[in-house]
Structures are given as structure tokens and as C-alpha cells.
Amino acid sequence: MSDFDHTASPEALSAAVLGWLDLYWDTQHRGPLGEPEGNQQLWRQKVFDAGLAVPSWPEEWFGLGMKPAQCKAIEKAFAERKAPGAGLDRYHLGAITVFKAASDALKREMLPKLLTGPICCLLYSEPNAGSDLAGIRTRAERDGERFIINGQKVWTSNAAEAEYGMLLARTDWDVPKHRGITFFLFPMKQQGVEIRPINQITGESEFNEIFIENAVVPERFMIGKLNEGWASFQTAIAYERLIMGQGITERRRGASAKGRSPLLELAAKTHRLQDPVIRQRLAQALAYREVNRLNNERAKRDMMTNGSLSLMSLSKLAMSRIQHGEAAIATDLLGPASLLDGPDNADPANTNFDAAKAYMNSIGGGTDQIQRNIIAEKVLGLPKEYEPDKGTSFREVKSDAGSRNGE
Amino acid sequence: MSDFDHTASPEALSAAVLGWLDLYWDTQHRGPLGEPEGNQQLWRQKVFDAGLAVPSWPEEWFGLGMKPAQCKAIEKAFAERKAPGAGLDRYHLGAITVFKAASDALKREMLPKLLTGPICCLLYSEPNAGSDLAGIRTRAERDGERFIINGQKVWTSNAAEAEYGMLLARTDWDVPKHRGITFFLFPMKQQGVEIRPINQITGESEFNEIFIENAVVPERFMIGKLNEGWASFQTAIAYERLIMGQGITERRRGASAKGRSPLLELAAKTHRLQDPVIRQRLAQALAYREVNRLNNERAKRDMMTNGSLSLMSLSKLAMSRIQHGEAAIATDLLGPASLLDGPDNADPANTNFDAAKAYMNSIGGGTDQIQRNIIAEKVLGLPKEYEPDKGTSFREVKSDAGSRNGE
Amino acid sequence: MSTIQESERTAIQEELVRFLRAEAGEDTLRSGMQSDLGYDHAVWQKMAEMGLFGIDISEDFGGIGGSAVDTAMVAEGLGRSLLPVPFIETCVIAPALLEASDMTDESRKILTRIAQGTATIAIGGNADIVPFRDPDCRLAVKADGTMSGEVSLVMHGGSADFLLLAFYSGNQTRCLLVSSDHDYTIENQTANDPALRPAKISLADVPFIELTGWSNDNFEQAGWQGIVALSAQQTGAARAIFEITVDYLQTRYQFGRPIGSFQALKHIAADLFLEVESATSASQAAARALASKAPQTAQSVALAGFLCNDAFREVSAQAIQLHGGIAYTQEHVAHLYWRRARATLSMFGDSDLHREAYLSAWEAAA
Amino acid sequence: MSTIQESERTAIQEELVRFLRAEAGEDTLRSGMQSDLGYDHAVWQKMAEMGLFGIDISEDFGGIGGSAVDTAMVAEGLGRSLLPVPFIETCVIAPALLEASDMTDESRKILTRIAQGTATIAIGGNADIVPFRDPDCRLAVKADGTMSGEVSLVMHGGSADFLLLAFYSGNQTRCLLVSSDHDYTIENQTANDPALRPAKISLADVPFIELTGWSNDNFEQAGWQGIVALSAQQTGAARAIFEITVDYLQTRYQFGRPIGSFQALKHIAADLFLEVESATSASQAAARALASKAPQTAQSVALAGFLCNDAFREVSAQAIQLHGGIAYTQEHVAHLYWRRARATLSMFGDSDLHREAYLSAWEAAA
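Attention here is on the structure that accompanies the text. (Residues numbered from 1 in each chain as written. Chains lettered and ligands numbered in written order. Predicted model: local features only at pLDDT ≥ 70, side-chain atom pairs only at ≥ 80, totals over all residues. Heavy atoms only, no water.)

Here we look at the packing of aromatic side chains
So, point 1. Evaluated as defined, the whole model comprises 53 aromatic pairs over all chains.
So, point 2. With 4.6 Å between their ring centres and 40° between their planes, Trp25(B) and Trp43(B) make a pair best called tilted. Taken together, the residues span a long stretch of sequence, with Trp25(B) in strand β1 (residues 25–26) and Trp43(B) in helix α2 (residues 40–49) at a distance of 18 residues.
So, point 3. On the basis of relative accessible area, Trp43(B) is assigned to the buried category, the value being 1%.
So, point 4. With a centroid separation of 6.0 Å and 50° between ring planes, the pair formed by Tyr39(C) and Trp44(C) is classed as tilted.
So, point 5. A connected cluster of aromatic rings, assembled from ring pairs, spans Phe4(A), Trp20(A), Tyr24(A), Trp25(A), Trp43(A) and Phe78(A). (Phe/Tyr/Trp six-rings, centres within 6.5 Å; stacked < 30°, edge-to-face > 60°. Helix = DSSP H or I, 4+ residues; strand = E, 2+ residues; numbered from the N terminus. Buried < 20%, exposed > 50% of the residue type's maximum accessible area, 1.4 Å probe, protein only.)

Quick look at the interface of chain A and chain C
So, point 1. Counting from both sides, the interface comprises 52 residues of chain A and, opposite them, 40 residues of chain C.
So, point 2. Both sides of the chain A and chain C interface together cover about 3,700 Å² of buried area, and 56% of this is carbon and sulfur.
So, point 3. If you sort the residues of chain A by the area they bury against chain C, Ile201(A), Leu339(A) and Tyr359(A) come out on top, with a joint share of 21%.
So, point 4. Its salt-bridge partner being Asp400(A), residue Arg252(C) comes within 3.8 Å of it at the nearest N-O pair.
So, point 5. Linking chain A with chain C are 23 residue pairs in polar contact (both at pLDDT 80 or more).
So, point 6. Elements with a minimum of two residues in the side of chain A that touches chain C: α10 (312–334), α11 (346–363) and α12 (368–379) of chain A.
So, point 7. When residues of the side of chain A that touches chain C are assigned to their parent elements, the largest contribution, nine residues, is made by α11(A).
So, point 8. Of the residues assigned to the side of chain A that touches chain C, the class counts are 21 nonpolar, 19 polar and twelve charged. (Contact = heavy atoms within 4.5 Å. Buried area = accessible area lost by both parts, 1.4 Å probe. Salt bridge = Lys/Arg side-chain N within 4 Å of Asp/Glu carboxyl O. Polar contact = N/O pair within 3.5 Å; in protein donor to acceptor, adjacent residues only side chain to side chain. Nonpolar A, V, L, I, M, F, W, Y, C, P; charged D, E, K, R; others polar.)

Considerations on the side chain of Arg257(D)
So, point 1. Here Arg257(D) is to be found in strand β10 (residues 257–258).
So, point 2. For Arg257(D), a relative accessible area of 6% corresponds to the buried category.
So, point 3. A distance of 3.0 Å separates a polar atom in the side chain of Arg257(D) from a polar atom in the side chain of Ser261(D).
So, point 4. The contacts of Arg257(D), once residues within four sequence positions are left out, are Glu385(A), Glu385(B), Tyr386(B), Pro388(B), Arg252(D) and Phe262(D).

Description of the sheet that holds strand β6 (residues 185–188) of chain C
Residues and elements named next belong to chain C.
So, point 1. With respect to topology, four strands assemble into an open sheet ordered β2-β3-β7-β6, the strand pairing being antiparallel. Looking at strand neighbours, the two that pair on one side only are β2 (138–141) and β6, the edges of this open sheet. Strand-to-strand twist across the sheet, computed as the mean angle between neighbouring axes with direction ignored, equals 15°. (Pairing = 2+ DSSP bridges. Axes fitted to C-alpha atoms, helices over the stretch in contact; angles between N-to-C directions.)

See the structure below:
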């Protein structure tokens, strides 16, 4: 059925994929060959049909049953030709979640859709459920073969573009928090869904608040079983944390290539490169970034050779000190000029942006404090904290200012 | 009865005390006038009889009912003439505890003794009860009109010299930990008390381990009531913490007088005073010390004007970063020579000593971590941690490696 | 020394606190941020009516003859509420320099107007008394008695009644007053702190009044007054955001418990408390030293200079972290404190510079 | 590159770990501390039998022709157990310099003896290859072919079979070998780390062999090998005391709960884990760069130099704090790690120096 042989070597596969791309993809115009302006929807369908969207998945589930090295070869070939659509089995959180946790029926219905166009957003956090994500209070109430949703979500990116949201909602209030949650694929384009962009301290508005009032989700859009959504959800969040650690939240200009560092350039430009005090700080900052790269390389080797995720857990924490530290030095290098901003003042503006954006790493996707808990408990094996809400009916658990969730 | 008028102004009182000292004390030979080599015991008795040992205490309790400013004048006069024995109401932890918490009978019996000679030591901490002092397991069992003591104490200074120890022992194992403790004045010079000096990382042995096996304390030596010793004990420990915060654990050479700093002298001697990187570190270290002095001045004013102890709580924590920080800089100034030690290498030896001794402040008398808890809870009003041993019979509380105290 | 009695000072302070709480809250701050001035002009006027602007001006000119301790008290209050008014420039540095210079009718008039609250001063240039020094400024005095040039980072330069330009010229420092009655070009600069109003000023053949007769000591003293007033502002602001944060730790629940019961957050709060109190002690000691002309003034001022800088920076940065996501939004007030902290880091010299000055003062005293 | 195969390396490493665990525990360390040598000679001999000392010596001289990666592996093991043997001097730096110099019968003999474990080398002076540089050393070569002078901080100088004296003389660096068969005065110096044996050596008209023919590159390379081997030692030691500390956090109970369940201690542990792993990554990368003569070797070596220094210092210092009172006693092992960390802070240059070198390498690469 497929053009690609899952027993082929990565090299052979790479050649085959490049050949396929040369047949159908116009690298120069970044579109399907011969298609005017490149119809992305059609292109994605083509990639999907060839099994290249999710090559690691089995053939019965739209993939090719490929191994990691083979998948890498495919992604690399796509990257070489600047073609989109491959590697969704690594990046499409919605599809991955459905694939890993949903019923066969839902998978059969939705995966072909999700993998060929629609964007999914994440409806996880709530104003009262940040670090304590399982403390969500958005409610889903059964109404025949559908559920009626009411509540408020926050920190959702791509909300306006998304056709579906991965929604965590509470379906049972009389059991401990993790046991009353159901996971849904939630249609975003409906009445009762209001999206309000959040003005972030970076000046961006990539995130939104979502107000949901009597919106509807069909029962068959449940991912996993009723009240067992927390387990399905774990799949997705583990992935998100992994991606954060690789510093994907950074602007490219923050990255340091060999022998080139924006920080050193700024130091030179501000005539501070000969200041011995600044030199020590620059060296330390460069070191933190370089050693994080070295740690990540070891982490990848560890994961390959023995499946250990210990080192992987450090990267997100390390990234906080890198980003906050670099922004602090840049601020000091700029001196009084650091109070400026705007397009006329590129260096201050970039520095201000980076200083604010660093909180995206140290707060978003689990604060540094949560991350340290994870490292201490999951990696070092230190005992968990006391959890007053453990084993307690969610209705009775204390919430902001000491009120109870049921009050 | 007394030579000194508690209505006198501090100035008048100072003159009176100086006159009294000139009658009885030989400043040049540091002994009682006309006494060969100065009989300290007799001198202390004389000071005690004059009410000058504990001037702030009421006359019925061996004092003079003096106010703080008057007490200060008395202590100052004694210091001027280099005479010992005054101000025991501020420094003699044993006598203060007995005075504040013991029965009138015990006070009448023991205060005249304690205030004229015998040293008291503290029998508080145990190997298993460090930060968690109320977790002590030394047991006191009633045997008629006396108690039999068995257990082990640690971190006791002056144990060999002490005639009495302020002993915390458990008298009831079936109530929560704070409620089964009794406080005793424990005679040290008896069978069944073994004192072993601890070799500390500073090279000193100021502290001891005390092994107590079937030793005896008379019932009338109980300080406060049976099983209510924890409250009496609070008086003493509050005092100890206060003293720690003033940096009394430092060697005098660590102190910075105006315009003179041992750290600056070492930097000059090691030819690093022109190194801009070192200069920044020196400035920061000097600043921490100076601002701690300023904080302490404010703390004293606060305490005088509105009784607030908020600022007082900061000093011990601040002293940790001062002492560890200064030792780190000194180590770096010395370079390779910092590995030397011994009398031939005074600068390294002093630095090594200071580096080790800094732990005395950051661990002793409550670790920095405990001190931060205290600041957060008592001063900032943040909620207490979960306490699994709260309300639980001490016998059931978990101890090292998860065993129970009753096991 | 201050001519203000302790009881008077307490009364002024209480009135100020009451006033700021009632009329300079977050709403006022935010509405001011939208305006050209950057702050609410009504607030400025009411402070003038309270006599706060003459606090460091002698009674001869309608002031109340206070000292650095008194200005610090006002600055601390302004810091708490983040009010971005040109208090330090107008009411601290300019009066210090004007009173130290040869008196003219013009300078008497300006001092009186400052005390009345009817004149604001903006300060620019590269000399030590300039809040935000522009190392690239080009200012020059011409033979015909006019001046020309360009200078950036002049805070409130667009709205001030007078520009005070202080710059190095050859071996000499010159201080020129330029009235806004004259023509010069104002280009507003975008600031990262949305309340601040820096401007780039271009002058061509503009008449000026030169301040003369001041000594280097006077000049140094004026700079110190700026540092100390700033340190008080930073201290007030650091304490305010610290209190907001501790409140949040009490009321925010996660995992069924107030987040302030988590030990790691408690410990951060305890450490920040040490920073806030240390900044307070250092700032107050510097103000007292300055007011009493104590011999260790240089040392005390430098100490306050970097400790308050660093404390405000650290406390406001951690405040965002401790709040979590909510403080990543513009809606929450935390980022405003954090922006102000970053904006003032190099005001009157950065922490490294103050540390170096502090150590030099130690060496000089040895 | 190493001639040792990956499988061989794994075998050596496993044998070493097994050996050190069995025969170089805390008891051995402490009994060695009481001896003149500072370490247990039997342990040294057994390591010799295992062929560990020839690991970086070519097969021509009875070595096994390994690389920096292999010596780092041994150094890491020695670091874990704190064994204060003169491994870096004898088996890393001396062979590197001897093999780079013009070969003589004498140097062939010494290399063979090192590989066999029958000769130890102590290194003193003020040149870059010296572990503990004595800036005040006075060493001079006389016209009659003898040398005289005085040098301190020569680790194991009292027990070594050869002294390697490396010092600046005029514009040149000289490297002299002095056999302990000759007469010189040894004055043992007291060390803060009770296992270390620094000595002050005084020489008067002592014959020597001069190492010649090495290039500046060879010399720099030898110094780098020292830094990298030290970084591996520090990494091993940091990891060992970290593991001891995490164990303690699990088993020590206070307030009815393991102290490792307190969030503040957990977070310190998490941060220390980052330090330990970062030190490991930096040290390993430097060893690989050195072994493969990679162009960025200078940068990698400098990075390992300060990151491992600082990590070992921080981890061992926090280990005492996390243990509390028990670690304030000599009986507990924590202070031994902490003393070693402090002793090695300036070995082969301090962190500030390495940071400066690291930045310079960045600039050179730009």
C-alpha cells in the first residue's frame, strides 16, 4: 500500500522520500508542484495518504511502522526540501493524544481529520488550577448523548485558529480530584465559546482566556473513559514538558552558535568587552548555555541507551537560569538605555522582550518550583510532600482564600 | 538592704557602682581588693549580695528592680573596671530559666547557688532530635521522689565544667510530643553521666555528647510542672537564638571596625586589591556586614519603641551569608596557599577555621532552613507546614528510617 | 540638618500615606500611564498643596527647610505607589544645585515656583547629577551666549518647565538652565516602563542661564541626594510589591493548601524580606548621614546605591515568579514594579559603580 | 585518540569501581590519613597491578596507550573515594611531558617505572603544568649543571621518587627532573585536608635532568590534561557526596517525616543535581575534545575547569548544611569532601582564571 518500505535503512529511506518529494513538492515555491500558491490542505492530505505524517505509527493507524532512526530520516528529508507535514507523531499534541488514549472509533473518525489540517488547542489550565492542574473546576454535565460544558480556561494558544480543543473537565465532584476528570475533544467553533486574548508582559498575546458557557461536546468525543481522563492527559503533558526543555520558547536570536553569541556582540557594541567584571559574568552565562547543550546531548544518549529520563528533566530548569541570567547581563550592558523600547531601540527592545519572555520558561508548563519537585521526587526519589487533597472528595478540597470547591 | 537606689538616674547609679567597685575591686590585678590572686567565688558572692548580679530582678529575688537603662549603667561600670559578675540576668541561661519558670521553692534554693559560681550546661539536643527538638527520647521515669534518667544528649558545651544541666526529658510517651516533656535542673556530677567531647570540623571540641545511664534527679529539681516542660524551655531557647543572631559565635577578628577589615587586609597582603573582580566581591561582603549592623540597630530601636521582634529574626540568617561569604572570598584570595593550615600558616589557618566555623551559625541553634521557616511563619504570617506528628501520640511518631518511636 | 521637628515629620508622613492610599492607587497609576505626562497631574497639584515639593527648599523661598531624611520619606511614599512624577529632579537635585549656586533673581523665582509646585525640572546630560546619563550626548555652549546640541534619556523632558543640562565640557562641568519658553525640539522616546517619559531634546542656538558659584562638593552632594532619594523610592516600591506577594501567598490555594504553606516559597519570601529590610536600613542610614553631613556619607550613599538597586530588582523579579501565570499578564500590577526596577537600575550609576565607590570609601577611611 | 576499545574501557572501569568499592572505602581513606604518605600504599600497588598507571603511557614503555578519556575515567573513580594518590602528577602530566620531550634512556626508564607503579612524581614550581603553583618559589639553574632553590606546595614532595620542577626563568619555562636519590631538604607542610601531603623543598647544588625538545603546544597540552583529570576527580567526588546526602535525606526523620520530604531541602537537592550533572557533562566533553585534539579544546578545558571547581565546592558545602549537626563533626565523612573541594579550588588555576580563558577562547573562535 505504501511507497515506503519499513525495512529500508534510514539512508535508503531518505533517498526514497527525497525522490517522492521531488515528484510532488516545489521547494523553490514552497508548495505542491504545479499547484497555484500551494494548497496546504491538499498537500497535507497527500503526505498523510503516503503515511509520512505519522511514520512511527502502525500502518493500520495511518503510519508506516517506522523506527526512530527512520522517522528522523524522513523528517530530515522534509526539512531539506522545506516541506511541511511530516513528524506530526512528534509534534501534533492533539493527534498524539487521540492516538494514544482515545477509542478506536474516535481514532478512526478523527485522526484523518486532525492530521490533515485542523489545529488543536489545549484547554487545560484554569485561573484556579495552575500548578495544581488536577484542581480544574470546569464542569461537564451529561445530557443524553452529549455533555454540556461550563467553565473558564486560560493559557490557551492558537485558540482562535483551533477547530478542536483538548479539554479537561470535571464530571464527578464527589471523588478525589484526579478521579473525577474526563478528557474531551472539544469543538471550538460553536456558540458559548468566547475567546479573549491575554495581554502578556512581553507585549505578545499568544495566549487566550476561554469562557465556555453551555457549550456542547458529543459523548463519542470523550478521549478515554468517563472520569478516567487524567491518565490519558498525562501522555500529552509529558510531551509538552519535554518540548519546553529544549528551549523552544526562545527566539532564535537567543541561541548561541559556535563562536557567535548575541551577548558577546552586545558587550562589544556597548564597549564593555574589556571590563573584567563583565567578562566573568559573560563567561558564566555562555557556560550555562554550553553545558546545557552538553547535558541535552547526554540526555539523548541516555534515553537511547537505557531509556533514562533523569537528565532530560534538568533542561527546563537550567533554561530558566540561562534566560533570566542572559537578560540580566544584557540589561546591565545597556545601562540607562535599557529603559528604552520600541522599534527605534532594537537592542533594548530585544533585551526587554527576552527578560519578560524568560518567565515563559520559568513559569509556563510548570514553574521552576514544580520542576524542582519533579526532579527531587521522580529522579532523586525523595518522598512526596503532604497532599491535603489526596483521598478527599474534590467538593471538600480548599480553594482560594480557604473556601471549599463545593461552596 | 541594698546600697543602690532603684530610683536613681543611670548617671547617678553609674557613679555609685563605680564608687562601690573602687572600694572592693582591684582593677589592676583583676581581683577583689586585698584578696590574694582574687577569689572569684567570694567576689561573685559579694556582687550577688549587693544585688548587682541580677539588677533587673525584683529585690525579693536577689535583684534591685532596675530598669534596662539602669542595668546598662551597672554593666558598663563593671566593664570599665574589668570586674566580672554583673548582668547575669542577661547571660546566665540556667539562672534565667530557673528564675522565669521554676517554683518559688526551687528558686529560693538554687538561685543563690547558681548566681555565685556553678556553671550550667544545656541538655537539649539529641542525635535524633536536632531541628525537631521536641522529638527528644531521653526518658525520665519516676521512682518515688526522684526521677531516673536514661538517654543521650549532644551539642552540650561546658559539660565538664558544669555542675548542673538544663535537661529536657520525656515523661509521657502517649501524648503528642510537646505535651510529654518535663524540664529538670539536672546534677551533672554523678554516676551514670559520661561526657565525650565531639571533634568538630573546626578542630575545636567545645561541644560534647552526654551519655546518661540511670542517673538521678530529685523531683524538687523539676522546672515548672510535670509534662509541661516545653513552655518553660521556650524562655531559654528564645534567648539563645537572640544571642546567636548578634554574631557572638564569631571570633573577634572577624568583626569589622570602621575603616578596618581583615578581608581588605588579606586582599592587600595577597596583592589582589587592584583586581576589579575581587573588588566587587569585597564590596558586597563588606556591605552585607555593614547592613546587618544597620539592621540590628533598627531591630533594637523597633524592640524598644514597639516591642517588634521582626527585624531581630533576620540577623542570624544574615550572619550565615556574611560568614560563609567572607570565608569563600578569603579562600579565593589565598589561592593555592589556602590548602595549608597550622600555626606556621596563620592566614590559611584562620580562613579554614572561619570557613568551618560558619556552619556553627548556619546549622547551630536552628539551621538556616529552620530560621527561614520562623521568619516566614512568625514574622510574615505565612501558614505552617503540615505536621504529621501533630496530635499524634509520640510513641506512634515516625523516626529515622521510618521506624516508630515506640518500636 | 533638618529644621523639621520629629512630630512634624510624622504628621507629614501620615498625611502623605493617607493621601497616596486614597488618591494614588493602581487605577490612578494606570490612567496616568495613558496620558502624555505619564502621571496624573491632579495628584501632582495636590502634593504641591501639601507643601511636599518645598520639603528640601529653605524657608526663604517658601520651602520648609527639610533634609535628606525628609525627602527620603516622600520618595519612599512615591516609590510605594510607583508614581512616576519628576520629584527627584525637581524637588531634590535642582534645589540643591540652585541653592548652592550664586543666587540670581531668576533662581530665586524658580525655587519659589518649585516650592509652590508650579514648575517642574527635567535633567539631562552626562554629569553625575543626571538621573539617566546619556554618554553620547553632544552639548556645547557657543560664544554668542546660546547653546546647541542633542541629549537623550531626559526624563519628562517633554513636559518640564525647565531643562537642567549638566555635562562635561573640557575639564569642567557645566550646568545650564533652559526655559521651556524657548524653542527646542522634543522627540518622545518609547520606554519599557509604560509610565516613564524619556525624551530626546535637540537644541539649536537656545538661550540659557548658567548656574555658577557651586563647588565640587556642592555638586557631589547634589548627586548623593539623588542617589539617596532614589534608594528610598526603590525601598518603598520593593516593600510594596513584597507585601502584595506575601498577601497572594496567603490567599492563593493550590493542591488544597495556601501556596504560602509550601516551604520553598516560604524560604524565598524570608530571603526577600531580608532584602527589603536591608534596603530600608541602608537607605535610611544614607539619608541620615547625608542630612547630618557625617564623615562616612560617601560610603553610606554608595551602600544604599547598590543594595537598594539590587533589592528592588530581586524582589520585583521574584514577585512575578511567586505569583506564577497571573503576573505574566499586563493586567496584574507585578510587572509594573518589575519594569520600574529595571528602569532605575542604572539611574545615577549602576550597582557595579556604587560597589566600586563603596570599596574606595572603605579604603579612603582606612 | 585512545588505542583502548570501548569494551576494554568498560571492563577497566568496572574493575576499578569494584576495586575501589571493596578496598578504598572510608576506613582506608582514614587510616591512610594517619600515615606519612597520606594514603594506603597497598591500594597504590594494587592499582599498579591493574595497569591503571600506564593508562596514558604508550605501549612502548609498558603502558596501554589510552587517552584523556581513559585517564578521566580513572580520575573520576579516585575522586569518588577521595583517594589522595599522586595520580595526576605521576600518571598524567609527567608522562605527557616526558613523551613530548627528547627521549633519553633515563626518561624511558622513568616512563616504564611509572607504568609499573614503581615510581611516583611530585610537581612543583610556578609554571602552568604545576598543580599547586607557588608564586614565591625561587628556583635557579647554575652554570655548573646543578640547581638550587626553594619551592612550597609540592604535593607528595616528601615521598616522591622524582621531583618535576617547572618554573619560569627569564623568558623561558624550564622543566627539571630531580631524583630523590639526591640530597635535598624536605619540610612537610600542614594541610587543611588531612589526607594531603604538601611539602616545602629546599635544594642546594642538586644535579638534575632537564627535559628538552618539548614545544609550547606540548606544554599547554600537558597542563590541559591536568585540568581535565582534575575536573574528573572533582566530578566523581561531587557525585559521591551528593549521593551520600540524598541517602541521608531519605533516612533522617524529623517532625515525624523524612527530611527529604521538606520542599526547601528537595529544591536544594534538585539544584545540586543540576550542578553534578553539568560538571559531568563538561568534564566528559573536555576529555573527549582533548583526546580527539578537537579545535575547541581550549574552550572545553576551560569550561570543565571552572564548572567542576564550582560544582564540587557548592555540592560539598551544601552537603554539610543539609546534613546539619552530624556533619559538623570530624567523624562524619562530609567535611573530608568539603576540605578536598576547597583544597582543589586553585589547583591548575582558579575559577576566575578559567572563566577568563573560556571567554578568550570564545573571542578567538569568533
